[in-house]
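# Topology and contacts: notes
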Amino acid sequence: MAESTTGAHRTGRGREAQDLDLTGADWRSGSQGVGDVQIAFVEGFVAMRNARRPENPSLIFSPAEWRAFVINARDGEFDLT
């Protein structure tokens, strides 16, 4: 299955990130080892992708954007219940 490798990726705020080569990225799943979301730390950015469709484009976050996302997720901002 092909991976999203190079090209412009969007950051969490819609800015274009530098071209990143995600070919050799060390993709990691959640602590339980299950789920559809994977992340990788690449060249000072955090890449996020759908594990079921790794060929689709990845989201790219700066460290500040990733920190804000994690803090808000821990606070329940994205809970659907």
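Quick notes on the rules
Residues numbered from 1 in each chain as written. Predicted model: local features only at pLDDT ≥ 70, side-chain atom pairs only at ≥ 80, totals over all residues. Heavy atoms only, no water. Helix = DSSP H or I, 4+ residues; strand = E, 2+ residues; numbered from the N terminus. Buried < 20%, exposed > 50% of the residue type's maximum accessible area, 1.4 Å probe, protein only. Pairing = 2+ DSSP bridges. Axes fitted to C-alpha atoms, helices over the stretch in contact; angles between N-to-C directions. Polar contact = N/O pair within 3.5 Å; in protein donor to acceptor, adjacent residues only side chain to side chain.

### Describing the environment of Glu43
Inspection of the secondary structure puts Glu43 in the loop between β1 (37-42) and β2 (45-50). Given the relative accessible area of 52%, Glu43 is considered exposed. When the C-alpha positions of Glu43 and Leu22 are compared, they lie 9.8 Å apart, and in sequence the two are 21 residues distant.

### Things to note about the sheet that holds β1
Across the sheet, which stays open at both edges, the 3 strands sit in the order β1-β2-β3 with antiparallel pairing between neighbours. Of all strands in the sheet, those with a lone pairing partner are β1 and β3 (59-61), marking the two edges. Across this sheet, the average inter-strand angle for adjacent strands is 25°, counted without regard to direction. As defined by bridge partners, β2 adjoins β3 across 3 bridges and the pair is classed as antiparallel.

### Points about the pairing of β2
Burial within β2 is extensive, with 5 of its 6 residues counted as buried. Alignment of β1 against β2, held across 6 bridges, turns out to be antiparallel. In the strand pairing of β2, Ile39 is matched with Met48. Connecting the antiparallel pair β1 and β2 is a turn made up of 2 residues, with Glu43 showing a positive phi of about 50°.

### Details of the side chain of Arg49
In this structure, Arg49 sits in strand β2. In this structure the side chain of Arg49 is engaged in a polar contact, spanning 2.7 Å, whose partner is the side chain of Gln38.

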